[in-house]
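# Architecture and fold: a report
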Amino acid sequence: MADRVHPMPSPSSPPLPPPPGRRRPDADPATETTPLHPSFFHDIPLSPPPAGTYIVQVPKDQVLREPPPDRARRYKKLAGQPARRRRLRRACCLSCAALLAILLAAAAFAGAVCLAFRPRAPSFSVPSALAIRGLANATATATGAAAPLSPALDAAVRADNGRNGKVGVEYRAGGAVAVSYAGQRLAAGPWPAFRQAPRNVTVVAAAMRGQGVRLSDARRRQLAADRAAGAVPLTLEARVPVRLRFGKVLRTWTVHVRARCEVAVDRLDGDATAVNRGCRVRVKPLWWWW
């Protein structure tokens with residue numbers, strides 16, 4: 001039996017590529033999302049998503065690698081924050097270091113001036129003379145309503161700068177001096193402004209006036225008892241703004257010197273003899289009080 005020979009298809013030449021700008025009609029359109037290797041998982045139906053959830057698929061060619069133009073300025077601002085923070089931190093450190101250096105230099109200069117000049121606070125005292133008027137009738141009525149008093153006191157206050165051999169004292173305007181009895185002010189007056197040289201003693205005339213002063217019955221009885229004993233205690237208080245002068249150019253800032261002197265007088269009218277019981281001086285700040 002003869003063998004059959006099946007006809008073989010004639011070999012055909014490979015298809016020519018299409019001209020530029022045209023595509024083959026039988027070619028399937030290919031996209032980036034077409035899988036190259038199909039899988040059987042695509043044949044399995046997906047379960048519907050739960051209620052309230054959405055799945056958004058973004059094509060690969062729409063994935064943004066840079067911020068959109070409307071957010072570019074915000075992105076640039078956020079990206080520059082660490083650099084600004086470093087600059088701000090560096091500026092704060094430099095400012096603190098400069099301030100600390102200035103404070104150390106000022107402290108060193110003040111210490112050198114104090115060691116060179118040895119400043120001391122001035123001292124005060126009340127001499128033995130004291131003129132009193134307007135208190136003669138203070139003990140006339142012991143009970144009942146008493147008439148108001150208008151006392152007037154002229155005192156001489158001695159300001160001593162003898163402990164400072166190189167430092168002058170400048171008493172500025174705005175100071176005041178007052179006299180009181182048993183905690184109640186009787187009269188007050190201004191403190192004169194003047195300059196005091198080193199190792200100088202100046203006697204200041206303080207004129208103090210009061211008006212409408214009313215003493216309680218207890219104070220009147222106590223004042224009558226002190227007058228009968230010949231020793232009426234009075235308190236003189238002075239609050240004076242002061243500057244220290246180191247040489248002719250250098251001066252300190254203004255500080256307030258408070259002096260409190262306790263005196264006892266033998267009478268309440270005329271020229272009374274005052275017994276000085278001591279004065280206490282306080283300075284704020286106490287940077288020269290040693």
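Predicted model, so just to flag it, every value in this text is computed and none were measured.

Let's shift gears to the overall build of the chain. When helices and strands are counted, the chain shows 3 helices and 12 strands. Considering the chain as a whole, with its 290 residues, one finds that 26% of them fall into the buried category. Within the structure as shown, the chain displays about 20800 Å² of accessible surface, and the carbon and sulfur contribution to it stands at 58%.

Next up on the list: the UniProt feature "transmembrane region" (unreviewed entry) in the chain. Within this structure's numbering, the places UniProt gives as "transmembrane region" (unreviewed entry) are residues 91–118. End-to-end, the C-alpha atoms of residues 91–118 are 40 Å apart, and along that stretch the chain is 96% helix and 0% strand.

A few words now on the state of the cysteines. The tally for this structure, following the rule as stated, stands at 1 disulfide. One disulfide bridge connects cysteine 261 with cysteine 279, the sulfur atoms lying 2.0 Å from each other. Handedness here is read from the sign of the S-S torsion; for cysteine 261 and cysteine 279, about 115°, the answer is right-handed. Placement of cysteine 261 in strand β11 (residues 255–265) and of cysteine 279 in strand β12 (residues 270–284) is noted, with a sequence separation of 18 residues between them.

Moving on: the layout of surface pockets. One way to see where empty space is left: roll a probe the size of a water molecule over the atoms. Each pocket or cavity is described by its volume, and for the largest pocket that value is around 220 Å³. Lining the largest pocket are 13 residues, with Glu237, Ala238, Arg239, Arg258 and Ala259 positioned closest to its centre. Those elements that place two or more of their residues in the lining of the largest pocket are β5 (175–181), β6 (184–191), β9 (232–246), β11 and β12.

Right, let's get into the side chain of asparagine 164. Note on placement: asparagine 164 falls in the loop between β3 (152–160) and β4 (167–171). A residue is classified by how much of its surface remains accessible, and asparagine 164, at 2% relative accessible area, is buried. Apart from residues lying up to four places away in sequence, asparagine 164 is in contact with Arg118, Pro119, Arg120, Pro198 and Arg199.

Quick look at unusual backbone geometry now. Leave glycine aside and you will find that most residues have negative phi; peptide bonds, for their part, are mostly trans. Unusually for a residue other than glycine, arginine 118 sits at a positive phi of about 50°. Note that arginine 118 resides in the loop between α2 (81–117) and β1 (123–125).

Below, the discussion takes up the packing of aromatic side chains. This structure, assessed with the given rule, holds 4 aromatic pairs. Considering the side-chain rings of phenylalanine 124 and tryptophan 191, the 6.0 Å spacing of their centres and the 80° angle between planes classify their relative orientation as edge-to-face. Of this pair, phenylalanine 124 sits in strand β1 while tryptophan 191 sits in strand β6, and the two are 67 residues apart along the sequence. Considered together, phenylalanine 124 and tryptophan 191 belong to a single accessibility category, that of buried residues. Note on tyrosine 171 and tryptophan 191: the rings are 6.2 Å apart at their centroids and 45° apart in plane angle, and the pair reads as tilted. Placement of the pair is tyrosine 171 in strand β4 and tryptophan 191 in strand β6, with a sequence separation of 20 residues. Accessibility assignment for this pair places tyrosine 171 and tryptophan 191 in one class, buried. By the ring-pair criterion, three or more aromatic residues cluster together here, those being Phe124, Tyr171, Trp191 and Phe194.

Turning next to the pairing of β6. With 7 bridges connecting them, β5 and β6 associate as antiparallel partners. Note on β6: the bridge partner recorded for tyrosine 181 is glutamine 184. If you look at the hairpin formed by β5 and β6, you'll find 2 residues sitting between the two strands, and alanine 182 has a positive phi there, around 55°.

Once that is clear, we can look at the pattern of salt bridges. Scanning the entire structure with this criterion turns up 9 salt bridges. For aspartate 160, the salt bridge identified is with arginine 158, shortest N-O distance 3.9 Å. Residue classification places arginine 158 among the partly exposed residues on the basis of a relative accessible area of 33%. The residue glutamate 170 makes a salt bridge to arginine 251 at a minimum N-O spacing of 3.3 Å. Note that glutamate 170 is positioned in strand β4 and arginine 251 in strand β10 (residues 250–251), a separation of 81 residues in sequence.

The next subject is the side chain of arginine 220. Checked against the element boundaries, arginine 220 lands in helix α3 (residues 217–229). No salt bridge is formed by the buried arginine 220, whose closest oppositely charged neighbour, aspartate 217, lies at an N-O distance of 5.1 Å. Polar contacts involving the side chain of arginine 220 include one to the main-chain carbonyl oxygen of alanine 138, which spans 2.5 Å.

A few words now on α3. With 13 residues, α3 extends 19 Å from end C-alpha to end C-alpha; this agrees with the ideal 18 Å at 1.5 Å per step. Three or more residues of α3 are buried, namely Arg220, Leu223 and Asp226. Take α3 and look down its axis: the buried residues cluster within an arc of 125°, on one side only. Along α3, exposed side chains directed more than 90 degrees from the buried face belong to Ala228 and Ala229. Of the surrounding secondary structure, the elements contacted by the buried residues of α3 are β5 and β9. Just beyond α3, the residue with positive phi is glycine 230, at close to 80°.

Rules used in this analysis
Every chain's residues receive numbers from 1 upward, in the order its sequence appears when written. Only residues with pLDDT of at least 70 get local features here, since the model is predicted, and only at 80 or more are side-chain atom pairs given and counted; chain-wide, interface and lining totals rely on the full set of residues. The basis for every side-chain value is the complete set of heavy atoms in the structure, and neither hydrogens nor water enter the calculation. Starting at the N terminus, helices and strands are each numbered in turn, a helix being any DSSP run of H or I of at least four residues and a strand any DSSP run of E of at least two. Only protein chains enter the calculation, and the probe is 1.4 Å; a residue is then buried if its accessible area is under 20% of its type maximum, exposed if over 50%, and partly exposed in between. Each accessible area value is a Shrake-Rupley result obtained with a 1.4 Å probe; residue values ignore everything except the protein chains displayed when judging cover. UniProt positions are given in the numbering used here, feature names are shortened, and annotations may be inferred rather than shown by experiment. Any two cysteine sulfur atoms within 2.5 Å of one another count as a disulfide. Using a grid of 1 Å spacing that covers the protein atoms alone, one calls a set of points a cavity when a 1.4 Å probe fits there but cannot get out, and a pocket when the set is open and has protein on both sides within 12 Å along at least five of seven lines; lining residues are those with an atom within 4 Å of a point. Grid points are joined across faces, edges and corners, and a volume is the space filled by probe spheres set on the points. Here, two residues are considered to be in contact whenever any of their heavy atoms come within 4.5 Å of each other. Stacked, tilted and edge-to-face are the three classes applied to pairs of Phe, Tyr and Trp rings, where Trp contributes its six-membered ring and a pair requires centres within 6.5 Å; stacked means planes under 30 degrees apart, edge-to-face means over 60, and tilted covers the rest. In short, DSSP must find at least two bridges between two strands for them to pair. Put simply, a salt bridge is a Lys or Arg side-chain nitrogen that is within 4 Å of an Asp or Glu carboxyl oxygen. Charged residues are defined here as Lys and Arg on the positive side and Asp and Glu on the negative side; His and the ends of the chain fall outside this count. Pairing of N or O atoms within 3.5 Å defines a polar contact, subject to two protein rules: one partner must be a possible hydrogen donor and the other a possible acceptor, and residues neighboring in sequence count only if both atoms are side-chain atoms. In a helix, the anticipated span is given by 1.5 Å times the number of residues less one. Summarising the geometry, the arc corresponds to the directions from the helix axis toward the C-beta atoms.

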